[in-house]
Amino acid sequence: MSDMLNIALPKGRLGEKAYGMLADAGFSCPAIEENGRKLVFEDPEAGVRFFWVKPSDVAIYVERGAADVGIAGKDILLEYEPEVYELLDLGIGKCRMAVAAPCGCRGEERHTLRVATKFPHIAQRYYASTGRDIDIIRLNGSIELAPIVGLSDVIVDIVETGSTLRENNLEVVDTIVPISARLIANKSSFKFKHGAVERILSGLSRRVEEIK
Amino acid sequence: MTIDFDVLDNTEKLIFALRSLYMQSGFRRYRMNKVEEYDLYGRNKDFLVSDGIITFTDTSGRLMALKPDVTLSIIKNGRDRPGEPDRLCYNENVYRVSKSTGAFKEIMQAGLECIGEVNIGHVGEVLRLAAESLDLLGADHLLEVSHLGILDAFLSRISTGEDIRASVLKCVGEKNRHGIAELCSAHGVAEERYMPLIRLLDICGEVPDVLRRLDGISEEYSIGPETEELREALSVLGGEAKNVRVDFSNVGDMNYYNGIIFSGFVEGVPGSVLSGGQYDRLMRRMGRSSKAVGFAVYLDMLERVPVREDM
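Residues numbered from 1 in each chain as written. Chains lettered and ligands numbered in written order. Predicted model: local features only at pLDDT ≥ 70, side-chain atom pairs only at ≥ 80, totals over all residues. Heavy atoms only, no water.

Caption draft 1: Main features of the overall build of chain A. Along the backbone of chain A there are 8 helices and 11 strands. Dimensions of chain A, computed from C-alpha atoms along their principal axes, come out at roughly 60 × 35 × 30 Å. The proportion of buried residues among the 212 residues of chain A is 50%. Across chain A, every contact between residues at least 6 apart in sequence was considered, and the portion connecting residues at least 24 apart equals 68%. Per element, the accessible surface of chain A, about 10,500 Å² overall, is 48% carbon and sulfur. Each charge class in chain A can be summarised by its mean position, and for the 27 positive and 31 negative side chains these summaries are 0 Å apart. (Helix = DSSP H or I, 4+ residues; strand = E, 2+ residues; numbered from the N terminus. Buried < 20%, exposed > 50% of the residue type's maximum accessible area, 1.4 Å probe, protein only. Contact = heavy atoms within 4.5 Å. Areas by Shrake-Rupley, 256 points an atom, 1.4 Å probe, with all protein chains shown as cover. Lys, Arg positive; Asp, Glu negative; His and termini not counted. Charge placed at Lys NZ, Arg CZ, Asp CG, Glu CD.)

Here is the structure:
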């Protein structure tokens, strides 16, 4: 197990795109391209083992050393602040963390602002910097629904194209931070599997430059 | 009756092995009370690894705390005096909040402190003991050393403003080169002022190679004395300095630490298992004029790592 480089990929479109970049950089594992329910794929010749994990869990797998490196969104890194190295901005999965509210309504300043979000720490830090008194309502999905049904005044969420917001009569009132996918590494693995991690880093860096 | 050492678990064996190592090297065992007045930690909260502290009111109405840290108590209870530094070693339980559960956890910590008229020779001695502490383990290990004076020379080129400095320092600790560039660009810092810091992160690896590369830039960045300090302290580990690397992404907390800092890593353990360095700034903050250097070994991280069999 220890000789292989373990790579945690986020399930879904972003993970598939990231795997594509890794494969182009020479770290492929043909079995991963077959559809199925397998979660772990390895290519002993290339010395890599891939895991598919829930996007929000990638940072945990890497921080705890179950994966040596992983691909995680900047949103996850800002929310959980894992003790990992953030080695590269892959420039894919680009979106932004934003505050959105019903069109024409930003929440009255005389009230505590009710904020629905999947990212309570990011929201808390953002509003702490503005000095506004807020009440965080932590949700796990369908965040856009919260202001529509009166659960919250605003939402803090990831916005890609903004079409879901528009369809629900919401608009972005502030951008908190731009988001994209990052290559992260476990601090200990970076030292003991230095050569392999550096190869992945330089392979992906080249791909990022080519895509630019 | 003889004691059968096979009945001891990994942590117990390591506690005894570390204590023997430190006491044979002239360090005196320091025993302390489990509790301390809360005020000590309240005033130095950012030095602590976790924010949470278990507090209670004692029989005379004073707010007390179960110790979240050992170093602060040693500094508080010591006195500045001339001559050879005080050499103290300990193994004590500390009480901290676990990041994963948010609940309090009892953690056994071993370590040592060298406090007084500390010179670079003493720093080297402590560095050697940190390396030897890791040598007790039956797994691959590595001591990673940095010099905050060198890092500071590159950080100062970017800004003296604390806001961006703290954020840039966080990026340095994450080896986040793109983050440094983004932050500096967003704050109008010119590329020629931040690129040297990004290039400093590439100067990492084995000791002879890093020292040679530092020599090559020491005049340009005025880091000659710091490079010499690093060379002198590392010289006690021998020419090849096996299992030792220099890495300037090891940042510590610059409010407390200064000069040489270091962390220990063991293969298979996800985070650092040993951490320490020179903490003269913490001594000043606590009203002490002496210098100090020390480290702690996080025994909870080493529960599953065997002690070397020939110990």
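Caption draft 2: Structural detail: the layout of surface pockets. Considering only enclosed or pocket space, the second largest pocket measures out at about 480 Å³ in volume. As for the second largest pocket, its lining consists of 19 residues, of which Leu88(A), Asp89(A), Val208(A), Glu209(A) and Lys212(A) are closest to the centre. At the level of secondary structure, the elements contributing two or more residues to the lining of the second largest pocket comprise strand E5 (84–89) and helix H8 (194–211) of chain A together with helix H7 (177–186) of chain B. Of the residues forming the lining of the second largest pocket, the biggest block, 7 residues, is contributed by H8(A). By residue class, the composition of the lining of the second largest pocket is 8 nonpolar, 4 polar and 7 charged. (1 Å grid on protein atoms, 1.4 Å probe; cavity = no way out; pocket = protein on both sides within 12 Å on 5 of 7 lines; lining within 4 Å. Points joined across faces, edges and corners; volume = space filled by probe spheres on them. Nonpolar A, V, L, I, M, F, W, Y, C, P; charged D, E, K, R; others polar.)

Caption draft 3: Structural view of the side chain of Asn44(B). Residues and elements named next belong to chain B. Locating Asn 44 in the fold gives a position in the loop between helix H2 (38–43) and strand E3 (55–57). Asn 44 sits in the buried class, given a relative accessible area of 3%. At 2.9 Å, the side chain of Asn 44 and the backbone oxygen of Leu 40 are in polar contact. Leave out the neighbours within four places in its chain, and Asn 44 touches Leu 72, Tyr 256, Leu 282, Arg 285 and Met 286. (Polar contact = N/O pair within 3.5 Å; in protein donor to acceptor, adjacent residues only side chain to side chain.)

Caption draft 4: Broad picture of the sheet that holds strand E11 (residues 274–278) of chain B. All names here are of chain B. Within the open sheet, the 9 strands sit side by side as E1-E5-E6-E12-E11-E10-E7-E9-E8. Their pairing is mixed. Two strands bound the open sheet, and with one partner strand each, they are strand E1 (28–29) and strand E8 (205–206). Summarising the sheet, strand E7 (residues 141–147) and strand E10 (residues 258–266) pair through 7 bridges and their orientation is antiparallel. Residue pairing for E10: His 147 is matched across the bridge by Ile 260. Running over the sheet, helix H5 (residues 148–158) touches E7 and E10 and is turned about 50 degrees from E7. (Pairing = 2+ DSSP bridges. Axes fitted to C-alpha atoms, helices over the stretch in contact; angles between N-to-C directions.)

Caption draft 5: View of the packing of aromatic side chains. All told, the structure shown has 7 aromatic pairs over all chains when counted by the stated rule. Measuring from centroid to centroid gives 5.3 Å for Tyr19(A) and Phe50(A), while their planes differ by 85 degrees, and the two rings are edge-to-face. On the criterion of sequence distance, the pair formed by Tyr19(A) in helix H1 (residues 13–24) and Phe50(A) in strand E3 (residues 48–53) is long-range, its members being 31 residues apart. Here Tyr19(A) falls in the buried class, since its relative accessible area comes to 6%. Ring geometry for Phe51(A) and Tyr61(A): centres 6.4 Å apart, planes at 55 degrees, overall tilted. Pair noted here: Phe51(A) is in strand E3 and Tyr61(A) is in helix H2 (residues 58–63), with a separation of 10 residues, a long-range link. What makes Tyr61(A) partly exposed here is its relative accessible area of 34%. Over the ring of Phe265(B) we find Lys191(A), and its NZ or CZ is 4.6 Å from the ring centre. For the cation-ring pair, Lys175(B) lies above Tyr85(A), with the distance from its terminal atom to the ring centre recorded as 5.1 Å. (Phe/Tyr/Trp six-rings, centres within 6.5 Å; stacked < 30°, edge-to-face > 60°. Lys NZ or Arg CZ within 6 Å of the ring centre and 35° of its normal.)

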